[in-house]
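# Residue-level structure breakdown
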Amino acid sequence: MALVPCQVLRVAILLSYCSILCNYKAIEMPSHKTYGGSWKFLTFIDLVIQAVFFGICVLTDLSSLLTRGNGNQEQERQLKKLISLRDWMLAVLAFPVGVFVVAVFWIIYAYDREMIYPKLLDNFIPGWLNHGMHTTVLPFILIEMRTSHHAYPSRNSGLAAICTFSVGYILWVCWVHHVTGMWVYPFLEHIGPGARIIFFGSTTILMNFLYLLGEVLNSYIWDTQRTAKLK
């Protein structure tokens, strides 16, 4: 038996994301007042994705508890739709975008933090909040994947969805640059147009790879558990 029920873990994770979002939005930073506000940063978009996803998880748990044993077929159909939405969101958004944000942020940060997270930001964002945005996302999503099985959509539709998200965000970043004359991320100022195209293409490929990684990891975790139970 788990030390902490997965339903309690989901509530705790949801509350932590709500706290992180509230604290982040309360910070008076110049970038929040420019075109696009917080929505031009993938980190903020990812936080919203994670909060919405875990909100759906909590809602699914509550619905499952309320419909258990009552024999109402309509409520059971609605619950199945909610579970399908939860599974789709983890597969297409929560896992690949969350892992992407953590991996890319810390790789660039380790190489040269000024390219992704200038020291100036330390005056606005405390260390715990930085880790809440760029570190804890990974263990939280892995905990969810470990505690509940998620049915992935067909590979073609899943890859099409994550490609749509990736290209949409790239176009949004380019539009912000077109309007303001400044790139959302400092390192984009220091590379040429060709290098930017390669970078944007590489990030889309990486997103697709992370989707496939999530699919494989989900299958491995639950196939291993089923094999252990049979033994």
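Residues numbered from 1 in each chain as written. Predicted model: local features only at pLDDT ≥ 70, side-chain atom pairs only at ≥ 80, totals over all residues. Heavy atoms only, no water.

Scanning the entire structure with this criterion turns up six salt bridges. In this structure, the salt-bridge partner of R86 is D87, at a minimum N-O distance of 3.0 Å. Taking the relative accessible area as the measure of exposure, R86 reaches 8% and is therefore buried. Here D87 falls in the buried class, since its relative accessible area comes to 5%. In this structure, the salt-bridge partner of E215 is R155, at a minimum N-O distance of 2.6 Å. Taken as a pair, E215 in helix α7 (residues 193–230) and R155 in helix α6 (residues 155–180) lie far apart in primary sequence, 60 residues in all. We classify E215 as buried; its relative accessible area is 13%. Within this structure, R10, D61 and E144 form a network of salt bridges that share partners. (Salt bridge = Lys/Arg side-chain N within 4 Å of Asp/Glu carboxyl O. Buried < 20%, exposed > 50% of the residue type's maximum accessible area, 1.4 Å probe, protein only. Helix = DSSP H or I, 4+ residues; strand = E, 2+ residues; numbered from the N terminus.)

Across all of its chains, the model carries 17 aromatic pairs by this definition. Here W183 and F200 contribute two aromatic rings whose centre-to-centre distance is 6.3 Å and whose plane-to-plane angle is 50 degrees, an arrangement assigned as tilted. Residue W183 is located in the loop between α6 and α7, and its partner F200 is located in helix α7; the two are separated by 17 residues in the primary sequence. Comparing W183 with F200 shows no difference in burial state: the two are buried. Seen from their ring centres, F187 and F199 are 5.1 Å apart, and the 75 degrees between their planes marks the pair as edge-to-face. One end of the pair, F187, is in the loop between α6 and α7; the other, F199, is in helix α7, with twelve residues separating them in the sequence. By relative accessible area, which is 25% here, F199 ends up partly exposed. Put simply, the rings of F41, W183, Y185, F187, F199 and F200 pair up and form one aromatic cluster. (Phe/Tyr/Trp six-rings, centres within 6.5 Å; stacked < 30°, edge-to-face > 60°.)

Together, Y35, W175 and V179 make up a nonpolar patch on the protein surface, roughly 280 Å² of accessible area in all. Locating Y35 in the fold gives a position in the loop between α1 (6–26) and α2 (42–67). (Patch = residues over 30% accessible without salt bridge, like charges linked within 9 Å, V, L, I, M, F, W, Y side chains within 5 Å. Areas by Shrake-Rupley, 256 points an atom, 1.4 Å probe, with all protein chains shown as cover.)

What follows concerns the UniProt feature "transmembrane region" (unreviewed entry) in the chain. Feature annotation in UniProt assigns "transmembrane region" (unreviewed entry) to the following positions: residues 42–67, 88–108, 128–145, 157–178 and 198–221. Along residues 42–67 the backbone is 100% helical and 0% strand, and the end-to-end C-alpha distance reaches 37 Å. (UniProt positions renumbered as here; feature names shortened; annotations may be inferred.)

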